[in-house]
Amino acid sequence: VGKHASGVRGWPLAALAVVAGAGVALAYARFALPGQLLRLAAVGPLAFALLFVFASPTSGVLLAGGGRAAPVAPARPHPPVVVVVLDEFPLVSLLDGQGRVDAGRLPNFARLARGSTWYRNATAVSGHTTYAVPALLSGRYATKVRAPHYSAYPDNLFTLLGGAYDIEAWENITRLCPPEHCPPRSGQGRGGLPAVLRESAALYGDIVSTRDSVEDPTASYSEPTVADRAAGAGAAGPPAPTGVAGNEPAALHDMLASIGPTDPPTLRFLHLLVPHSPWVYLPSGMRYDGPGGLPFDGDWWARLAHQRHLAQVAYADRLLGQLLDRLAATGQYDDSLIVVTSDHGDSFSQGVSGRDLDDAQRAAAELAWVPLFIKEPGQTAGRVDDRNWEHVDLLPTVADYAGVPVPWHTDGVSARGPARTATGKRFDVAPGRPVTLDGPRHFPAIRAGSAARPALPEMPALRLVGRPTSAFPVADGGPPATVAKLREYADVRPVTGKLPALVDAELPAAVPAGTPIAVAVNGRIGAVALAARDGRGVLRAVALVGDEALFVPGRNRLELFEVTGGGSGLRRLALDG
């Protein structure tokens, strides 16, 4: 209560809490009414716990039974099925300025497009994973709040194909594959009540702490890596891989290892939290540390978020290439049905960052339109299909190719049948609260590609990036800037798989807000940021140095400059750690 009602923190807040607690205890001892109120209130925790376990959407997770398997058609040859669902990936992030897949920046997506069908007019049906993924795996819109669990969605792709296919599934956020088809893997938590108690205890610790939580709220969406798993196994497990190999998602690593040349009919499903924030990857797979809680809106913050997102999109392309290479190397590629899509998009346009109701209407091209590529078994030539696809169409389409009839009603239609005649698109901002997006009005922004979205303000002085500082007149005597983790630049170790690529500097009041700040590494300008105030009102220059070649092993020289004369000169800032 004290944290919400005041700005006091630390020991003063603890002392205030002791005084307030003593006052309440005194009132309880001296007066009848506080005692009566507290005795009535004592029923609350038990009642709330019972409601949570037995009457909330979470009850299905805590008291889960098995999912029911759907009947399948008589045995016949079934193609291998590979479904990859990426996360928070707007289609426009895949495109160049002419609305094509950007082959120069994303060669593996372009490679997939050359041999598959690109459903360019495909849209997600929700901006939230907990509803979007169940919709695409069940073929039904989200009509009410339910846990993304097989007990709440017993009719889904896994229970449908479970009678005809072996299933290998790596899910994030959801748990739609029931244990009879997807037994828990070694080292995988079973969830349920122990997990609820563990998470509740951690949350309670944050609530009663006398200090604000410093945890990045997006950290829970970090994809566990091979190195994370090795660290968790400790001395009993294999040694942690080094470099970018250790940064590889553990789920992808396991999926690639599971693909063999003589598999029985198998459905492989992978949901990767990439390129979802937190954005910590460079295109090569090298990681960097980023401060949490940065704003999204503002001339600079929107641009920085988009730049970091695009770097992680390029990393997603690298991971896709590993999957395509593995399928080709094992002889599985030609015969497989391969689906690559995303659960939903995200908006980076100035003033509409996020996934709320207003964003769905004002930035629909970023929020609803997502990548969708389907390579049919035996398909070798790419084509573009602009039919009105919605993600509830995925299950009936996969079932159609797999030769398994769907025994329940679906809201979606198979792409192997006639296209929808309606042009409106359903987008559920919350279960049971759909809005209709005008497909023909928003689709031109998709065809225009990156030239139309996201809508970001012009950035000054970007022409400086890549040029040596020696090419400009440099004046000394600038005010001091405080750089977070400045000492990391004195001992850079790429072999660890990490680089200090995100420069975070707090600027003095002598630097006007909006001033371009050039960031140089070893004498070459790697980024230009704008001095901007964060959510706490602190003036900062935060920039991503995307060119890894600027860093060298060992000591690196970091410099910050005010850009003067419209980009013709530099004034060096003094750096404090």
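Residues numbered from 1 in each chain as written. Predicted model: local features only at pLDDT ≥ 70, side-chain atom pairs only at ≥ 80, totals over all residues. Heavy atoms only, no water.

Caption draft 1: Region of interest: the packing of aromatic side chains. Within the structure shown, the criterion is met by eight aromatic pairs. For the ring pair Phe89 and Phe109, a centre distance of 5.7 Å and an interplane angle of 90° mean the geometry is edge-to-face. Taken as a pair, Phe89 in the loop between strand E1 (81-86) and helix H6 (107-114) and Phe109 in helix H6 lie far apart in primary sequence, 20 residues in all. Looking at Phe89, the relative accessible area reads 0%, which means it is buried. Residues Trp279 and Phe348 carry aromatic rings whose centres are separated by 5.8 Å and whose planes lie at 45° to one another, so their mutual orientation is tilted. Of this pair, Trp279 sits in the loop between strand E5 (266-271) and helix H12 (299-329) while Phe348 sits in the loop between strand E6 (337-342) and helix H13 (357-362), and the two are 69 residues apart along the sequence. The class of Phe348 is buried, set by a relative accessible area of 2%. Of the aromatic side chains, those joined through ring pairs into one cluster are Phe89, Phe109, Trp118 and Phe373. For Arg146, the ring lying beneath its charged end belongs to Tyr153, and the centroid distance is 4.2 Å. A cation over a ring is seen here: Arg287 above Tyr281, with NZ or CZ 5.3 Å from the ring centre. (Phe/Tyr/Trp six-rings, centres within 6.5 Å; stacked < 30°, edge-to-face > 60°. Helix = DSSP H or I, 4+ residues; strand = E, 2+ residues; numbered from the N terminus. Buried < 20%, exposed > 50% of the residue type's maximum accessible area, 1.4 Å probe, protein only. Lys NZ or Arg CZ within 6 Å of the ring centre and 35° of its normal.)

Caption draft 2: Just the sheet that holds E6, in detail. Taken together, the seven strands give an open sheet; going across it, the order is E4-E5-E1-E6-E7-E2-E8, and neighbouring strands pair in mixed fashion. Only two strands of the sheet have a single neighbouring strand rather than two, namely strand E4 (166-170) and strand E8 (383-385). With direction set aside, neighbouring strand axes in the sheet form an average angle of 15°. Relative to strand E7 (residues 372-375), E6 is paired through four bridges, and the arrangement is antiparallel. (Pairing = 2+ DSSP bridges. Axes fitted to C-alpha atoms, helices over the stretch in contact; angles between N-to-C directions.)

Caption draft 3: Spotlight on the packing of H6 against H12. Between H6 and H12, whose axes approach to 7 Å, the crossing angle comes to 45°. By the angle between their directions, the pair H6 and H12 is classed as oblique. Every residue of H12 that contacts H6 at Pro107, Asn108, Phe109, Arg111 and Leu112 is listed here: Ala316, Asp317, Arg318, Leu320, Gly321, Leu324 and Asp325. Across the contact of H6 with H12, the residue classes tally to six nonpolar, two polar and four charged. (Parallel < 35°, antiparallel > 145°, perpendicular 65-115°, else oblique. Contact = heavy atoms within 4.5 Å. Nonpolar A, V, L, I, M, F, W, Y, C, P; charged D, E, K, R; others polar.)

Caption draft 4: Representation of the packing of helix H2 (residues 11-30) against helix H3 (residues 32-41) in the model. At their nearest, the axes of H2 and H3 sit 5 Å apart, and the two run at 105° to each other. One element, H2, and the other, H3, form an angle in the roughly perpendicular class. Residues Ala27, Tyr28 and Arg30 of H2 touch H3, and the partners they reach there are Ala32, Pro34, Gly35, Leu38 and Arg39. Residues of the contact of H2 with H3, tallied by class, amount to five nonpolar, one polar and two charged.

Caption draft 5: The arrangement of the pattern of salt bridges in detail. Tallying each qualifying case throughout the model produces 21 salt bridges. A salt bridge links Asp289 to Lys485, with the shortest nitrogen-to-oxygen separation between them at 3.7 Å. Linking Asp289 in the loop between E5 and H12 with Lys485 in the loop between strand E12 (474-483) and strand E13 (502-506), this pair joins segments that are 196 residues apart in sequence. Two residues, Arg420 and Asp393, come together in a salt bridge whose shortest N-O distance is 2.6 Å. On the criterion of sequence distance, the pair formed by Arg420 in the loop between helix H15 (394-402) and strand E10 (424-428) and Asp393 in the loop between strand E9 (389-390) and H15 is long-range, its members being 27 residues apart. (Salt bridge = Lys/Arg side-chain N within 4 Å of Asp/Glu carboxyl O.)

Caption draft 6: A look at the confidence of the model for the chain. Per-residue confidence for the chain averages 89 on the pLDDT scale, and 91% of its residues sit at or above 70. The model gives residues 71-75 a pLDDT under 50, and that stretch makes eight contacts with residues more than four places away or in other chains. (pLDDT = per-residue confidence, 0-100.)

Caption draft 7: Just the layout of surface pockets, in detail. Looking at the second largest pocket, its volume works out to about 460 Å³. Taken together, 26 residues make up the lining of the second largest pocket; nearest its centre are Asp289, Ala484, Lys485, Glu488 and Leu502. For the lining of the second largest pocket, the secondary-structure elements that each account for two or more residues are E12 and E13. Among the elements that make up the lining of the second largest pocket, the one with the highest residue count is E13 (five residues). (1 Å grid on protein atoms, 1.4 Å probe; cavity = no way out; pocket = protein on both sides within 12 Å on 5 of 7 lines; lining within 4 Å. Points joined across faces, edges and corners; volume = space filled by probe spheres on them.)

Caption draft 8: Quick peek at the environment of Tyr165. Mapped onto the fold, Tyr165 is located in the loop between helix H8 (157-161) and E4. Along the backbone, Tyr165 and Asn388 are 223 residues apart, and their C-alpha atoms lie at a distance of 29 Å. One polar contact links the side chain of Tyr165 to the main-chain carbonyl oxygen of Pro79, over a distance of 2.6 Å. (Polar contact = N/O pair within 3.5 Å; in protein donor to acceptor, adjacent residues only side chain to side chain.)

Caption draft 9: Representation of the nonpolar core within the structure. If you look at the biggest cluster of nonpolar residues, it comprises 52 residues, and the most contacted ones within it are Leu507 and Leu560. Secondary-structure elements contributing two or more residues to this core are H12, E12, E13, strand E14 (516-521), strand E15 (524-530), strand E17 (539-544), strand E18 (558-564) and strand E19 (569-576). Ile259, Leu320, Leu327 and Ile338 belong to the second-largest nonpolar core, a separate cluster that totals 50 residues. (Core = buried A, V, L, I, M, F, W, Y, C linked by side-chain atoms within 4.5 Å.)

Caption draft 10: Representation of the environment of Ala20. With respect to the element layout, Ala20 can be found in helix H2. In this structure Ala20 comes out as partly exposed when scored by relative accessible area, which is 44%. The sequence separation of Ala20 and Phe551 amounts to 531 residues, and the corresponding C-alpha distance is 54 Å.

Caption draft 11: Layout of the sheet that holds E19. The mixed open sheet is built from eight strands, whose spatial order is E15-E14-E18-E19-E12-E13-E17-E16. The open sheet has two edge strands with one neighbour each: E15 and strand E16 (532-533). Relative to E17, E16 runs antiparallel, the two being bridged by two bridges. When the sheet's bridge partners are listed, Arg533 is paired in E17 with Leu539. With respect to the sheet, H12 is in contact with E13, E15, E16 and E17, its orientation differing from that of E17 by roughly 25°.

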